[in-house]
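Structure at a glance
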Amino acid sequence: MAKTKAEADLDQPDEQLDRAIEELRGVLHEEEQRPDAAFRASSANSSVIMNIPVDVQIILGSTEMPVSDLMALQKGSTVALNRRIGEPVDVVVNGRKIARGEITVLESDPSRFGIRLTEIIAGTKGA
């Protein structure tokens, strides 16, 4: 089935982003393989890219509820999610799921938690 021009245009940015990410991974991998002096000399170029802020979200789960239930929520209310304890959580960057992981307590600060990545998702579109 042939795509319309509008559908092709919508897919194109995702495909371009996928190619750019893969190209960036390749360049960074090549830089890691270079001798230390060459890596430091070229790191000035990659530092521009490395300082671009991205939105990172950890998705614990989701649920659906009627507006009336949503409006009835108060401090102390509990909302049941669609995931169970121990199931992996999704790591989403700029709206795209890139990995899955497990929740862990930080060794350096037991009052905080983090995510240990267990799976990197390559080439998927959307979250």
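Just so it is clear, the structure is predicted and the values come from calculations on it, not from any experiment.

Attention shifts here to the side chain of Thr104. Tracing the chain through its elements places Thr104 in strand S3 (residues 96-105). Once you skip the residues sitting within four places of it in the chain, Thr104 turns out to touch Phe113, Gly114, Ile115 and Arg116.

If you walk through the whole model with that rule in mind, you get four salt bridges. Of the charged contacts, one joins Asp90 and Arg100 as a salt bridge, the two residues approaching to 3.2 Å between their closest N and O atoms. Of this pair, Asp90 sits in strand S2 (residues 89-93) while Arg100 sits in strand S3, and the two are 10 residues apart along the sequence. Overlapping salt bridges, with partners in common, bring together Arg83, Asp90, Lys97 and Arg100 in one network.

Take Ile120: it is sitting in strand S4 (residues 113-120). Classification of Ile120 by relative accessible area gives exposed; the value is 55%. Each C-alpha atom, one on Ile120 and one on Lys97, is 9.2 Å from the other, the two residues being 23 residues apart in sequence. Ile120 has contacts with Ile98 and Ala99, leaving out every residue within four places of it along the chain.

Conventions and cut-offs
- Residues numbered from 1 in each chain as written.
- Predicted model: local features only at pLDDT ≥ 70, side-chain atom pairs only at ≥ 80, totals over all residues.
- Heavy atoms only, no water.
- Helix = DSSP H or I, 4+ residues; strand = E, 2+ residues; numbered from the N terminus.
- Contact = heavy atoms within 4.5 Å.
- Salt bridge = Lys/Arg side-chain N within 4 Å of Asp/Glu carboxyl O.
- Buried < 20%, exposed > 50% of the residue type's maximum accessible area, 1.4 Å probe, protein only.

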